[in-house]
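Okay, here's what each chain looks like letter by letter:
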Protein chains: 4
Amino acid sequence: MFHTMKRLKSEYEILRQKIYIVIYGSNTVAGRLFDLILLGIILLSVLLVMLESVEKLDAKYHSFILISEWIITISFTLEYLLRILCNKKPLTYIFSFYGIVDFISILPMYLSFFIPGSRMLSVIRALRLLRLFGILNLVHFTGQESQLKLAIKASRTKIIVFVYFVLIVSILLGAVMYVIEGKESGFTSIPTSIYWCIVTLTTVGYGDIAPVTTLGQIIASCIMIMGYGIIAVPTGIVTAEFAAAKRNQKFNETNRKCPSCTTIIYNEDARYCHHCGEKLAHE
Amino acid sequence: MFHTMKRLKSEYEILRQKIYIVIYGSNTVAGRLFDLILLGIILLSVLLVMLESVEKLDAKYHSFILISEWIITISFTLEYLLRILCNKKPLTYIFSFYGIVDFISILPMYLSFFIPGSRMLSVIRALRLLRLFGILNLVHFTGQESQLKLAIKASRTKIIVFVYFVLIVSILLGAVMYVIEGKESGFTSIPTSIYWCIVTLTTVGYGDIAPVTTLGQIIASCIMIMGYGIIAVPTGIVTAEFAAAKRNQKFNETNRKCPSCTTIIYNEDARYCHHCGEKLAHE
Amino acid sequence: MFHTMKRLKSEYEILRQKIYIVIYGSNTVAGRLFDLILLGIILLSVLLVMLESVEKLDAKYHSFILISEWIITISFTLEYLLRILCNKKPLTYIFSFYGIVDFISILPMYLSFFIPGSRMLSVIRALRLLRLFGILNLVHFTGQESQLKLAIKASRTKIIVFVYFVLIVSILLGAVMYVIEGKESGFTSIPTSIYWCIVTLTTVGYGDIAPVTTLGQIIASCIMIMGYGIIAVPTGIVTAEFAAAKRNQKFNETNRKCPSCTTIIYNEDARYCHHCGEKLAHE
Amino acid sequence: MFHTMKRLKSEYEILRQKIYIVIYGSNTVAGRLFDLILLGIILLSVLLVMLESVEKLDAKYHSFILISEWIITISFTLEYLLRILCNKKPLTYIFSFYGIVDFISILPMYLSFFIPGSRMLSVIRALRLLRLFGILNLVHFTGQESQLKLAIKASRTKIIVFVYFVLIVSILLGAVMYVIEGKESGFTSIPTSIYWCIVTLTTVGYGDIAPVTTLGQIIASCIMIMGYGIIAVPTGIVTAEFAAAKRNQKFNETNRKCPSCTTIIYNEDARYCHHCGEKLAHE
């Protein structure tokens, strides 16, 4: 009796580990296949939510879409439960970024029983597509991504300072344009003017609101040239940080020092110190 | 009697210093709190002016907005007076950038008694939001900001040359488009054509004016591709300057000093001080 | 009899080689002339297809355009056959990029007998214009192009990661805008909203769809500023890669070689060869 | 008699030189003043042509504008004659860039007697504003401008290759969109579609033509993201060239070599070689 339970438990443990490897890992064939199928289903489910919002398609294929969405939701629910069950530290998973995304991906469908229309929120499943990075990561992406991350992280503070500055400029110029152009040209209120100012500064330029007075057009021209000029600032920041991250990574990867004169050896293939001629050990 | 006055004066002096620390400093808890509350009130006041310009909201909450604005204006006035009174060199403050901004932030409300509609100018208070940089500066922003400032300062002349060149091109091409397109397509005068040309060169593209003739569209295409190409110029300038500023700062931070003359050694491989010839220890 | 055949064969071989040099080479006067004439005819044929699509011109010059296109198609067919015949390895040519382009350039005209309207596909001939690179290549372009290619190749992975990320953001924000703005403002379905989101993020901004609600305009402003900020990412990537490619090429061109083992010496200050330890002469 | 002529000739020569210094030089007070007044008149004359094209203003101030333009034209003519007369090599001036610009700046007004409406061409005077660079050049601009010129010159070939590539892509995608969207959406012909494609690729986005079919919108999205990505290419090119030009200029200005070990001395203030400790001569 005791032995049977022990055996059952150990069998369960083996099964748990097998499932864990399939679901979380990507090194085995089964794990890789699971990842690819999952990615396909996620893509399909995002596509379905998108198509459902197209009135013509929804009218035609309503029941087909509905049934497909329920099938997908149920498989996602099963997958979510399996992920919790086969994980040794289920709580870590549940409160991780992907854990939360997985949970709120299945929630809207069940909520739609109580709150009609909430099914539309299923589009949040698109966040699950970020898993692709995780899958590719294991192959050869790590270096690339970490370089990108480093550069973006380093330039974050500067970009925030820059955006804050752009917002203050937009508020001031928005108010000025509101006073100059008035309600006839579409500048109906200061918030609308600020919206127009951001549209212009970022060179988007919808044209739903556009200055018509001469003074307004002159100021608009100045804003545009300003926007044209200051687009250089975030670009300059990111580029400089990226170049630095690239340089640093290369240095950290390849450099060694000469044991006799401590000169830094930049060249990967170097066998002798370029400074003192000392023979270098191969790494 | 004399002692009482002296004591009063010294007490006043102590009070003045205490207020000074609260208003101008950010190292004490009270000073930090004051800064945060001030920033909150400024944000609120800018928001109020913005919302007042929205007709629907103004109709509904007119008296509420008006009273709030008066309360804010009076507190700003008190703050302004306190800043003058507790400062040892009041004139320096009054004619400083922030002193002038603080003054013209409260002016429009009082002017609105004599000139109706001038209250709208209160939006200039948005400039007070720049104080945020001052507050954050004291923590850890200095390096970042100074790097940005240096890069922008260094590229200023080049950007002005560039903008001047863009303006001449716009005048010439604007006149050409005015001749080609004529008044039917919206190119009603040379200034309007120049405005269109700037809208196109900066890739904003409102679409309120657009070429309709074939020749006009060909020239417009050329202007666009030109604009696409020359956007690279300011970006290149700022990026190069920024990278240089970054490199310099890094040098200042990381380089070793000569032990005998304390000159900064920029060159990593240096074995002798370039200033006094002292032999340097290897690191 | 046998001799005649052998002579004929050898004469044919000589002719084949002569034609080969004219068609494929650009070192001889005839080869260069052939290339230029071919380029001119390609340009002309692309122009013809373009003009044919303009209704007014087509009505006026229909038969002229039709005859010209048939003349061009027949000369292209002859050229295609000659290219196959005079090439020693005809299959390599047929399945090369240019071979396929050459074939599908002549196909649409012959297909137009069976499928009316397919003649429009002749515009694919524009791809033949890429031959210009081949022609110029032989003069002095190689360095430039390879630098460009290297930089684009190196940044490809990062750009794909970036585009994938932009698409996920567009799907999420598109769905959000669809819910907020509703069908009245033109956001008729999630795919349309995603289209609008990409139009805004890339700062194109047609204005055919534009937010009208306050909340929608606030979110649109955020998207624009975000787009303004993230345009810096691909620019930063390409610039950094390009600068690196440029640096490397410069190294390859300017650096000295070790006299004993001919390894390239990257380091300007090197006094010993890093590969064989040979002492280097100072330049 | 002979003496009088000689004296007259020598007096004329002195006068010629004096005028030459005033007109061509900017080192004397008179020369500087002349330059500034000339620049002011050029600006005024460009402004006049611009304002004349505004119908309302022209109706009101027609005779005033006409008289002013004649006064300006006559002074420009006098200036042009003086420039020829006081120059030792008048032909060099006449056929220089500025000589031709000066000539075609005065031509349109005289032509307007024979060809009505040609007066509008006076806007070409805007090119005379380029003289500002010449004036500033003499003070402290040289370095800046030459750096810009060098970077633009170096990236010219690459930018042309890039633009050629963009054009081929635009032709192909323009034809594709013409087939997909058809005449109802504004894609009336292939040239119009190509125009739309350039408008989209360069992120200008007028919105006068915009895709309405689902497939058209998907392709348009791809074009936009492509445009967003390839805007990085010219930026990367110019930035890399600019950084290189900056680096080279700095090196050329400041570097010396150590006389004993020939190491390059990067540091301007260096008094001792950082490599071998040799004392350096001051420059």
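All values derive from a computational prediction rather than experimental measurement. Throughout this description, residue numbers start from 1 for each chain and increase along the sequence as written. Note on labels: chains are lettered from A, ligands numbered from 1, in written order. Per-residue local features are limited, in this predicted model, to residues with pLDDT of at least 70; the limit for side-chain atom pairs, both in listing and counting, is 80 or more; totals at the level of whole chains, interfaces and linings are taken over all residues. Values shown for side chains rest on all heavy atoms present in the structure; no hydrogens or waters enter the calculation.

In this structure, what is going on with the packing of helix α8 (residues 214-230) of chain B against helix α7 (residues 190-201) of chain D? I would like to understand it.
In helix packing, the relevant descriptors are the interaxial angle and the interaxial distance, both defined with respect to the helix axes. Running from amino to carboxyl end, α8(B) crosses α7(D) at an angle of 20 degrees, the nearest separation of the two axes being 9 Å. It follows from the interaxial angle that α8(B) and α7(D) lie roughly parallel. In terms of crossing hand, the pair formed by α8(B) and α7(D) is left-handed. Side by side, α8(B) and α7(D) meet where B:Q217, B:A220, B:S221, B:M224, B:I225 and B:Y228 of the first sit next to D:Y195, D:I198, D:V199 and D:L201 of the second. Only Asp, Glu, Lys and Arg are considered charged, only Ala, Val, Leu, Ile, Met, Phe, Trp, Tyr, Cys and Pro nonpolar, and every remaining residue, Gly among them, polar. A per-class count over the contact of α8(B) with α7(D) returns eight nonpolar, two polar and no charged. All axes are obtained by fitting lines to C-alpha atoms, using only the stretch in contact for helices, and the reported angles, taken between N-to-C directions, cover 0 to 180 degrees. Helix numbers and strand numbers start at the N terminus; a helix is a DSSP run of H or I with at least 4 residues, a strand a run of E with at least 2. For classification purposes, an angle smaller than 35 degrees is called roughly parallel, one larger than 145 roughly antiparallel, one from 65 to 115 roughly perpendicular, and anything else oblique. A crossing counts as left-handed when the near helix is turned anticlockwise from the far one by less than a right angle, and as right-handed when that turn is clockwise. Only heavy atoms enter the contact rule, under which two residues are in contact if any of them lie within 4.5 Å.

Explanation requested: the environment of D:K89 in the structure shown.
Residues and elements named next belong to chain D. Tracing the sequence through the fold places K89 in the loop between α3 (55-86) and α4 (90-94). For K89, a relative accessible area of 59% corresponds to the exposed category. Through-space distance from the C-alpha of K89 to that of K9 is 18 Å; in sequence the pair is 80 residues apart. Exposure is judged per residue with a 1.4 Å probe applied to protein chains only, and the accessible area is read against the type maximum: over 50% gives exposed, under 20% gives buried, and values in between give partly exposed.

Teacher, can you tell me more about helix α7 (residues 190-201) of chain B here?
Residues separated by three or four positions in an α-helix point in the same direction, a consequence of the helix having 3.6 residues per turn. Between its first and last C-alpha, α7(B) extends 16 Å over twelve residues, near the 16 Å set by a 1.5 Å rise per residue. Turning to α7(B), its buried residues number three or more, namely B:I190, B:T192, B:S193, B:I194, B:Y195, B:W196, B:C197, B:I198, B:V199, B:T200 and B:L201. Multiply 1.5 Å by the residue count of a helix minus one, and that product is the helix's expected span.

Is there a simple way to explain the UniProt feature "transmembrane region" (unreviewed entry) in chain A in this structure?
Residue and element names in this part refer to chain A. According to UniProt, the positions carrying the feature "transmembrane region" (unreviewed entry) are residues 21-49, 61-82, 94-115, 159-180 and 218-240. Each end of residues 61-82 is marked by a C-alpha atom, and these two atoms are 32 Å apart; helix forms 100% of the span and strand 0%. As annotated, residues 94-115 has a helix share of 73% and a strand share of 0%, and its two end C-alpha atoms lie 25 Å apart. UniProt positions are given in the numbering used here, feature names are shortened, and annotations may be inferred rather than shown by experiment.

In this structure, what is going on with the packing of aromatic side chains? I would like to understand it.
For any pair of aromatic rings, the description rests on two quantities: the centre-to-centre distance and the angle between the ring planes. Only centres within 6.5 Å qualify two rings of Phe, Tyr or Trp (six-membered ring in Trp) as a pair; their planes then separate them into stacked at under 30 degrees, edge-to-face at over 60, and tilted for everything else. Scanning the model with the defined rule gives 32 aromatic pairs over all chains in all. Clustering of aromatic rings is evident, with ring pairs tying together A:Y20, A:Y24, A:Y80, A:Y93 and A:F103. The ring centre of C:Y24 lies 5.2 Å from the NZ or CZ of C:R83, which sits over that ring. For the cation-ring pair, D:R128 lies above D:F76, with the distance from its terminal atom to the ring centre recorded as 4.5 Å. In this analysis the charged atom, NZ for Lys or CZ for Arg, is taken to sit over a ring once it is within 6 Å of the ring centre and within 35 degrees of the ring normal.

Explain the side chain of D:R125 here, please?
Residue and element names in this part refer to chain D. Tracing the backbone through its elements, the reader meets R125 in the loop between α5 (97-111) and α6 (131-181). One buried charged side chain, R125, makes no salt bridge at all; its nearest oppositely charged neighbour is E69, positioned 5.5 Å away. The contact partners of R125, leaving out residues within four places of it in the chain, are I42, S45, V46, I72, T73, F76, S105 and M109. Counted as positive: Lys and Arg. Counted as negative: Asp and Glu. His and the chain ends are not counted at all. Put simply, a salt bridge is a Lys or Arg side-chain nitrogen that is within 4 Å of an Asp or Glu carboxyl oxygen.

Can you walk me through the nonpolar core in this structure?
Nonpolar side chains in soluble globular proteins tend to be buried together. The definition of a nonpolar core used throughout is a set of buried Ala, Val, Leu, Ile, Met, Phe, Trp, Tyr and Cys residues joined through side-chain atoms within 4.5 Å. Among the nonpolar cores identified, the biggest contains 219 residues, and A:W196, B:W196, C:W196 and D:W196 are the most heavily contacted of them. Once you skip the residues sitting within four places of it in the chain, D:W196 turns out to touch C:Y206, D:M177, D:F187, D:I209, D:A210, D:P211, D:A220 and D:I223.

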